[in-house]
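Fold and contact review
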Amino acid sequence: MNRIGIDVGGTFTDVVVLDEETGSARCFKTATDLRQPAEGIMAAFDAAGVDSADVGHVKLGTTLAANAILTRSGASTGLLTTAGFRDVLEIRRTHRERLFDLYEIIPAPLVPRHLRKEVDERVDSAGEIITELDEDGVRAAWRELRELGVTAMGISFLFSFRNPSNELRAREIVLEEGGAEAVFCSSDVLPVLREYERTSTTVTAAFVAPVVRNFVSRLSAGLEQRGVSSKRLSVMTNGGGVIGAGAAAKSPIPILLSGPAGGVSAARWLADQAGKPDVVTLDMGGTSCDVSGVQGGVPDERLDLRVGGLDIAYPTLDLHTIGAGGGSIAWFDTGGALRVGPASAGSTPGPACYGRGGTQPTVTDANLVLGRYDEETPLGGHLTLELAAAREAIDREIAQPMGISIEKAAAGIVRLVNAAMVNAVRTISVQRGRDPRRYALAPFGGGGPVHALDIADGLGITTVVVPPFPGCTSAFGAILAPPRRDALRSINRPMAGLDVAVLSTTVNRLVEEVTGFLAGEGYDRPLVDLALWASLHYAGQAHELVVRHDGLQVSEESLSALATAFSAAHERQYGHHFDNVGVELVTIRVTGIAHQPDPNVSWAWAEVECSNDAQTRPVYFDSIDQFTDTRVLARGALLAGEVLSGPAVLHQEDATTLIAPGWSARRDAGGCLLITKEEP
């Protein structure tokens, strides 16, 4: 049987096919169809040429839900909330992205004010109902919203995470009245404190749910037509696991960032196979660059994310994204300074060198001018580049205005985008008390391996791990992703004097919720690894650190050890801790990950013809600031254990890897390329 991983990017849709019997892995790339994403995915599925009878599982990474938020193309959504809390979506947390920008534009809420309705009800902080739900008020509010065209509803009442009965009854009333495609209660979506994050997350779920359901329905139908049961379709989650397509359609928040999560999961697994459990991942695609950290084989996670300026709370891999990709456009700001990104040429029309009508100079154009790409070696396996078009765009837009050569202009573009990525890595390493020199760098995406050594030099990193299929790493991550479920509850109590029996009962309920969900996905309790995590802070602090609890059994001793571990984590991240300030337990989370055997993979690289008969060409390297004759070969020609000293360029179907002077590369037994800094 075959496992198929699919990742839908802004430029390409990537497919990896893994034969579970032989371990053979192949990759394919097709152009992304942003107008018809389900049809585009099925085209990629067809391009893989796999017999439907031999398909055991299809796992998908997609940013469809996130794109619906970014483009504001979700359902017309309304909100029912406790009287007095109608404006919580606009009050927010009063945080500013740019502290001193007096003209900062705050994104509009997904639900405009006239579609937010208050109803009389009240639950106190202990979960006691002090004002019964005004059921007639709920009916009247929904009827008015329905007349205004609302088709999706979020319900978020104060302290519903303590007692959800009023929310659940309000949902029953809306469903009885009819006319709603989707109704979400905050007590189901995010049963934790902080009314803004809980409300924002619930509204987001309602906003994107119809879009996700339509997408899943069309994709499932396409698979069924090809003889593949829709039950074999899973979707990547923000946390690097997968859930069934049906579960994703019912609860879309876990899949908002499913695409980038796949890359981190694959890079962690591959780097661990190569003996590098501490790694910084760098995913450079056509539009953006995502960076993340992995320590001791465990990816960094967080409980909050921001999409399109909206705050959403849910367990997610800790990704930092910047607008730096192969399609990032070079331009001059009003002060005359050269800038690169965040605007991107995307895939249509794309960089000038694509020959599809693009006229703006991009990072890909600069790399082609500098010899890092080859005019005759297809990009992505099928796209032939036009050097003359790249030179003309850079000359007209950058070189001539600056009075410099085309090559110097191209080098400046590359240097600027590299600096942006170096700063991004510093954000998730140095700013969190980590020394990047202790980590390996795992670059992937179509552009990552070309820029990797420049970024490593900028950070003092001496080991780089390039995945076997860099351009399809996220798709491979989907193949590897295990079924996963998270369940959360707020505690919000001081650790001192915490009722251990009550806490144990809450943990057991979360365990039952997680294991019950995974059982419904076909994974019984013996197949599931469970972990208990706690979000803690010192009394008076506004934000928490997440620490793993030792096992699932809670005791006074285990809670004491948890508080000690929190103080140690606080010391690592902030350089200090407090001995005379109490620790508070804010939220607990149980994570369940189902076992799935690691594949024994053998990589099958497609043949790539390099154009230069002499197998050398002049290539520019930023580390020496000049062109130098460079060996050129196909990556598949590099044998396991063989060492290749720079300068060299390795071409393959889905990416190009640059080996700078002073670095050497070795292909390990697992298929990764280990590039290390040579001793001076």
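Scroll up for the structure.
Residues numbered from 1 in each chain as written. Predicted model: local features only at pLDDT ≥ 70, side-chain atom pairs only at ≥ 80, totals over all residues. Heavy atoms only, no water.

1. Overview of the sheet that holds strand β30 (residues 616-621)
A sheet is described by the order of its strands in space; here four strands give the open sequence β30-β31-β33-β34, paired in mixed fashion. Only two strands of the sheet have a single neighbouring strand rather than two, namely β30 and β34 (656-659). For this sheet, the mean inter-axis angle between neighbouring strands, taken without regard to orientation, is 35°. With four bridges joining them, strand β33 (residues 648-651) and β34 adopt antiparallel strand pairing. The residue of β34 that forms the bridge with Ala648 is Ile659. (Pairing = 2+ DSSP bridges. Helix = DSSP H or I, 4+ residues; strand = E, 2+ residues; numbered from the N terminus. Axes fitted to C-alpha atoms, helices over the stretch in contact; angles between N-to-C directions.)

2. So, the sheet that holds strand β12 (residues 242-244)
Spatial strand order, β12-β11-β4-β1-β2-β3-β29: seven strands in an open sheet with mixed pairing. Looking at strand neighbours, the two that pair on one side only are β12 and β29 (602-603), the edges of this open sheet. By the bridge criterion, three bridges tie strand β11 (residues 233-236) to β12 in an arrangement that is antiparallel. The partner of Ser234 across the bridge, within β12, is Gly244. Against the sheet, helix α14 (residues 473-480) touches β1 (2-8), β2 (12-19), β4 (55-61), β11, β12 and β29, its axis set at about 135° to β1. (Contact = heavy atoms within 4.5 Å.)

3. Some details on the environment of Glu224
Position of Glu224 among the secondary structure elements: in helix α7 (residues 195-225). As for Glu224 and Ser52, which are separated by 172 residues in sequence, their C-alpha atoms are 9.7 Å apart. The residues contacting Glu224, other than those within four sequence positions of it, are Ser229 and Ser230.

4. Overview of the side chain of Asp654
Within the fold, Asp654 resides in the loop between β33 and β34. Assessed through its relative accessible area of 4%, Asp654 is described here as buried. At 2.6 Å, the side chain of Asp654 and the backbone nitrogen of Gly471 are in polar contact. Polar side-chain contacts of Asp654 include one of 3.3 Å to the backbone nitrogen of Cys472. Sequence-distant contacts of Asp654, that is, excluding residues within four places in its chain, are made with Cys27, Lys29, Gly446, Phe469, Pro470, Gly471 and Cys472. (Buried < 20%, exposed > 50% of the residue type's maximum accessible area, 1.4 Å probe, protein only. Polar contact = N/O pair within 3.5 Å; in protein donor to acceptor, adjacent residues only side chain to side chain.)

5. Examining the pattern of salt bridges
Applying the stated criterion to the full structure yields 35 salt bridges. Taking the shortest distance from any N to any O, the salt bridge between Glu172 and Arg169 comes out at 2.9 Å. Linking Glu172 with Arg169, this pair stays in helix α5 (residues 165-177), spanning three residues, or about one helical turn. Assessed through its relative accessible area of 42%, Glu172 is described here as partly exposed. Judged by its relative accessible area of 22%, Arg169 falls in the partly exposed class. The salt bridge partner of Arg396 is Glu392, with a shortest N-O separation of 2.4 Å. Of this pair, Arg396 and Glu392 both sit in helix α11 (residues 387-402), four residues apart, roughly one helical turn. For Glu392, a relative accessible area of 42% gives the class partly exposed. By sharing partners, the salt bridges in this structure join Glu135, Arg139, Arg143, Arg169, Glu172, Glu176 and Glu177 into a single network. (Salt bridge = Lys/Arg side-chain N within 4 Å of Asp/Glu carboxyl O.)

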